[in-house]
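Here is what each chain is made of, one letter per residue.
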Amino acid sequence: MECETINHLNNNLISDVDKATLHAEPQSELEALAQKRRNKINSIRNLFINDYEQNKDLYEEEDYQRVVQKDFWVTRYMANLDESNEEIFGRIRDTMRWRKSYGVKDFDPLSLPKEFFQIAALIPYVPDRQGRPTLYIRGKMHRKVDKIEDRVKRYLVDVINRVDAMKEAHESWILIIDATDASFLNTDLDMIMFLFSTLRNRYPQGVFQAFIFGLPWILGAFANMVLAVLPSDSVGKIKFGGKKELFELIGEENVPDFMGGSCKINYHRVPRKALPCYELGEKELGLNRAEIDKLLKPFRQFINPELCQEVDTL
């Protein structure tokens, strides 16, 4: 009887040791993985620091500080731990140099006419239910205008940059494209490719989901064409839906009125010193009044100055 008791105790002891070992091994693996990740971040960061020291004129100081101080500005360019440090560093180097050469932090909203802001086609708005910032793009407000296309792209980058900076974390914000009442006149493959290329290459792991709202059936073929040319990882973040799906994602109380939501926060924000289209068009673009009238015609129905709020900074 005594031997049985001792054997029973020994078996229990062995069992407890085995259980402890089983629980300890995963923890050890997690610790090793975390250390591998930390070492990789440090190595990539050192490559970037060395390049910065040799080419300071190619970088913005604040972008250098981002990479040095915030792990996310290293890991967001890292697809997995098995990628080479040089490959990940190359993405960071190219993006930070692009930020300087493209003038991301130097965009001047006064380079666009007052009417551009009055139609409210591009709207950083209130966070969703999870606290994620949101950016709305209103498809029916867009027309391809060659004279200001570069300025519009720069403004798009400026808005993406501001929204992305609101919560610098993995997949931390939502893009909503409102396609309601859009037509072929509003389609612009070049601008769409610029949007998704910028998000994928310059702000990877920023967007949690790109939600396409109210796509008209007539644009189905165009949408399929876009999906066919986008990389699979970009396509994987795109979801099509209506009001029900939008409210589930964002919350009715956080959605602007033009999409059926109940949020009352004003989204018609206009820079106080923005010039009217006629003045800016003549001064900077060399357009006469007839040419400006032609450019303004598709947008006049969306311009409501009485709804607008003048602001000093966007």
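Since the model is a prediction, treat every value here as computed from it, not as a measurement.

So, about the environment of Ser183. On the secondary structure map, Ser183 appears in the loop between β3 (173-178) and α7 (189-201). Residues Ser183 and Ile218, spaced 35 residues apart in sequence, show a C-alpha to C-alpha distance of 7.5 Å.

Okay, the pattern of salt bridges next. Tallied over the full model, the rule gives 33 salt bridges. Between Arg91 and Glu83 there is a salt bridge; the shortest N-O distance is 2.4 Å. What makes Glu83 buried here is its relative accessible area of 11%. For Arg162, the salt bridge identified is with Asp158, shortest N-O distance 3.1 Å. Placement of both Arg162 and Asp158 in helix α6 (residues 149-166) is noted, with a separation of four residues, approximately one turn of the helix. Classification of Asp158 as buried rests on a relative accessible area of 11%. Salt bridges sharing partners connect three or more residues here, namely Glu62, Asp63, Arg66, Lys70, Arg99 and Glu168.

A few words on the confidence of the model for the protein chain. Close inspection of predicted coordinates is inappropriate in any region flagged by low pLDDT. Of all residues in the protein chain, 91% have pLDDT values of 70 or greater, and the mean over the chain is 92. Of the regions scoring below 50 in pLDDT, residues 1-24 engages in zero contacts with residues more than four places distant in sequence or in other chains.

Inspection of every chain in the model, using the stated rule, returns 14 aromatic pairs. Arranged with centres 6.5 Å apart and planes meeting at 45°, the rings of Trp73 and Tyr77 form a pair that is tilted. Under the relative-accessibility criterion, Tyr77 is labelled buried at 3%. Members of the aromatic cluster, connected to one another through ring pairs, are Phe48, Tyr52, Tyr59 and Tyr64.

To continue, consider the state of the cysteines. Tallied over the full model, the rule gives zero disulfides. Free cysteine Cys263: the closest other cysteine sulfur is in Cys308, separated by 17 Å. Taking relative accessible area as the criterion, Cys263 reaches 10% and is therefore assigned buried. A disulfide-free cysteine, Cys277 has its sulfur positioned 14 Å from the sulfur of Cys308, the nearest such atom. Classification of Cys277 by relative accessible area gives buried; the value is 13%.

As a general point, the strands of a sheet are linked pairwise by backbone hydrogen bonds and lie either parallel or antiparallel. The five strands are arranged β1-β2-β3-β4-β5 in an open sheet whose pairing can be described as mixed. If you trace the sheet from one side to the other, it starts and ends with β1 (122-125) and β5 (238-241), each paired once. Between one strand and the next, the sheet's axes are offset by a mean angle of 20°, whatever the strand orientation. As defined by bridge partners, β1 adjoins strand β2 (residues 134-138) across four bridges and the pair is classed as antiparallel. Its bridge partner being in β2, Leu122 is matched across the sheet by Ile137. Sitting on the sheet, α6 is in contact with β1, β2 and β3, with an inclination near 10° to β1. α7 rests against β2, β3, β4 (207-213) and β5 of the sheet, and its axis sits at about 175° to β3.

Each value, and the rule that gives it
- Residues numbered from 1 in each chain as written.
- Predicted model: local features only at pLDDT ≥ 70, side-chain atom pairs only at ≥ 80, totals over all residues.
- Heavy atoms only, no water.
- Helix = DSSP H or I, 4+ residues; strand = E, 2+ residues; numbered from the N terminus.
- Salt bridge = Lys/Arg side-chain N within 4 Å of Asp/Glu carboxyl O.
- Buried < 20%, exposed > 50% of the residue type's maximum accessible area, 1.4 Å probe, protein only.
- pLDDT = per-residue confidence, 0-100.
- Contact = heavy atoms within 4.5 Å.
- Phe/Tyr/Trp six-rings, centres within 6.5 Å; stacked < 30°, edge-to-face > 60°.
- Disulfide = S-S within 2.5 Å.
- Pairing = 2+ DSSP bridges.
- Axes fitted to C-alpha atoms, helices over the stretch in contact; angles between N-to-C directions.

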